[in-house]
Every structure is written in structure tokens, then in C-alpha cells.
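Each chain, letter by letter, is given below.
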Amino acid sequence: MSAGKSLNNSAVETEWPELPLAEWEDTFHTLHMWTQIVGKIRLRLAPLQNHWWNVALYVNTYGLATSPIAYLGQDFRLQFNFIEHRLELHTSAGASSSIPLAPKSVAAFYTELFAMLDGAGIEVTINPKPQEVPDPIPLDRDETHSSYQPEYANRLWRILLSTDSVFKEFRAPFLGKSSPVHFFWGSFDLCTTRFSGRPAPPRKGVITSEAYSHECSSIGWWPGGGEFKSPAFYAYMAPEPAGYSARKLRPDAAYYHPTLHEFILMYDEVRRSRSPRNQILEFAQSAYEAGADSAGWDRKSLERQTS
């Protein structure tokens, strides 16, 4: 999509389709648990990187995938294919296999996935307790979540693909440390994070102490939950500087959520706009500027200067 280009209705439905939570919530929860199983395999085998970047999944032209994972002299990759609806295993030795993505319990998916890995000579164990969900059911015993609607899985991927492209554009001019655009399976969101370079006040907890060890500004997209019945873009600072919540962001539909301590821009506002790309870039940039200025970041040294 070219810069600033307005989309017709057909293009909107292709690149930014509707994703009302009520229509696919059961599939959402099942996919959340499936991605946790795949993510935990990467967590178990990949070396720890700063801010847990080693656990994330990545958007690509088929769906969501791990990066190559080293194992006993070779690499393998797990790929959620949301076009042909299968989970694929590919190894650097040229072997490949797959299991279908179809209505089945999390426990059944768990069993099939580990049988596929075992068949390829990959032995790995994970902690089956899900992360960042209320009342977690062990993944290897979860018979509750078992829905899979291919149409909505595909819509999810198409939104992630479009958002990934815009987030990468936003990330590009920042010269300081910044994360890749990546998908965290614990919170089930796509995000990218900029860092000031300064340490942050220590936090308690294994996950948060590592994730928020340094001052940061994040922008992300999330499919919804709780009071949010449709997806939303979000932005936050950690730690949150004084005066940040009172700043006015662009576009006008963006607002500060006092409970989440995040700025929110509803996805439906974006997809209905003349240029979703411009709306997202405007939101991301204004949120970054508001936070960086409030926190006194050295923006001159952190940003690429343009004439």
C-alpha cells in the first residue's frame, strides 16, 4: 500500500477486515493456547535475550512462525499457516511435516504437536501452565478450548500482516535501541518498543523485571477482551512519566484509559478511516512524542534527523 493512499471497500476488507470479538471469541481463546504451546517450545530451547525477545513469534506471508530454533546441530521452525490451515514443522535438514488446524482441544493439539516433533527426532519438554490468563488450565489437559474457525484465523493474520508493515515503517527512523515487531503469545498482541537507553526503576517478578528493565515506549495491537469487544491499538510508557496521561494524541479518537494506563485507539476507527496506515502512524508518533517529551528523552540523538 503506497504512502497516504486511501483504500476502497474491497481493499479495506482484504487488508483490514472486521474482527468483532463476539463472533470468534472461542477460536481466539483456543488459538491463544495453541500459540502458547509453540511459544513455550521456543522459550525452552532459545537462549534468553533482553526483554524476553527470544520467546516471540513473527508475522510472515503465511501466518505466525518462530524464527529458526537450534537443536543438536540443526535448526527447525514451527509455522502457523493461516492460508492452508495447518501447523508446519520445517528443519534445516530438509524434513517437513504438519498437523491440521481444525476444531480440536488444546490437549489434542498438544499431543499431535509433540508427536510430530518426536517423529523428527526433536525431544523437548515445556511447562504446561499457560501464561497471563485467568484460571489457567494445563495445556496438556485442556479439553475446554477446542474451537477453530478458519475464516477468523485468516482475518486475524491479515490484520497482523497489515499492522506489522505499518509498525516496521514507524520503527525505521528511530536510531536508539528498539525491539523487532513481534507477537507475544502470553498477551496475544503484536508490538514494537523503543528505549531511551536509561535504566528503569526495578520491578518485582521474573517476567516484568526483565521486560521493563529500561525506560521504554511501546505501540501495539490487541484483538480485544474484557470491556473491549473489538480489537484496539494501544500505546504506553514504562515507567509512565508525570503528565503523560493528560497529553492529547492524534487522531482525535485516541483516548487515555486510566485503568490500563495506556492510550487506546479502537481498530474499527482505524479501518473505517480514509487511510488506516496514516491513522496508525499518527497515533504511534504522537504517543511516542508525548511520552518521550514528558520523560525528557534525548530525542535529538535517538531519532534520524531529516531535512
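This report concerns the structure included in the present document. These figures come from a predicted structure and were not determined experimentally.

Here the focus is the overall build of the chain. Scanning the chain for helices and strands turns up eight helices and 12 strands. Over its C-alpha atoms the chain spans a radius of gyration of 20 Å, differing by no more than 12% from the 19 Å that the globule rule assigns to 307 residues. Its C-alpha atoms give the chain principal-axis dimensions of roughly 55 × 45 × 40 Å. For the chain, the residues scored as buried account for 51% of the 307 residues in total. Residue pairs in contact within the chain that sit at least 24 positions apart in sequence constitute 61% of those at least 6 positions apart. Accessible surface for the chain amounts to roughly 14000 Å². Of this, 51% is attributable to carbon and sulfur atoms. One finds the centroid of the 29 positive side-chain charges in the chain at a distance of 6 Å from the centroid of its 34 negative side-chain charges.

Helix length check: helix 2 (residues 21–45) (25 residues) gives 33 Å between terminal C-alpha atoms against 36 Å at 1.5 Å per residue, within 8%. Largest kink in helix 2: about 35°, centred on Thr27.

Moving on, we come to the side chain of Ser105. Here Ser105 shows up in the loop between strand 6 (96–100) and helix 3 (106–119). You can call Ser105 buried: its relative accessible area is 8%. Residues contacting Ser105, with those up to four places away along its chain left out, are Trp34, Asp142, Glu143, His145 and Ser146.

Let us look at the environment of Phe263. Following the sequence through the fold, Phe263 ends up in strand 12 (residues 262–266). Along the chain, Phe263 and Met237 lie 26 residues apart, while their C-alpha atoms are 9.6 Å from each other. The residues touching Phe263, leaving out its near neighbours within four places in the chain, are Phe233, Tyr234, Ala235, Tyr244, Ser245, Arg247, Leu249, Tyr255, Tyr256 and Phe283.

This paragraph deals with the pairing of strand 10 (residues 232–238). The buried fraction of strand 10 amounts to seven of the seven residues, a majority that puts the element mostly inside the structure. Residues Ala232, Tyr234, Tyr236 and Ala238 line one face of strand 10 and the alternating positions Phe233, Ala235 and Met237 line the opposite face, and both faces are buried. As paired elements, strand 9 (residues 214–222) and strand 10 share seven bridges and run antiparallel to each other. In the sheet register, Cys216 faces strand 10, and the bridge partner there is Ala238. In the sheet, strand 10 pairs with strand 12 via four bridges, with the strands oriented antiparallel. Bridge pairing links Tyr234 to Ile264 in strand 12.

Rules and cut-offs
Residues numbered from 1 in each chain as written. Predicted model: local features only at pLDDT ≥ 70, side-chain atom pairs only at ≥ 80, totals over all residues. Heavy atoms only, no water. Helix = DSSP H or I, 4+ residues; strand = E, 2+ residues; numbered from the N terminus. Rg over C-alpha atoms; globule rule 2.2 N^0.38 Å. Buried < 20%, exposed > 50% of the residue type's maximum accessible area, 1.4 Å probe, protein only. Contact = heavy atoms within 4.5 Å. Areas by Shrake-Rupley, 256 points an atom, 1.4 Å probe, with all protein chains shown as cover. Lys, Arg positive; Asp, Glu negative; His and termini not counted. Charge placed at Lys NZ, Arg CZ, Asp CG, Glu CD. Expected span 1.5 Å × (residues − 1). Bend = angle between axes of the 7 residues up to and from the residue. Pairing = 2+ DSSP bridges.

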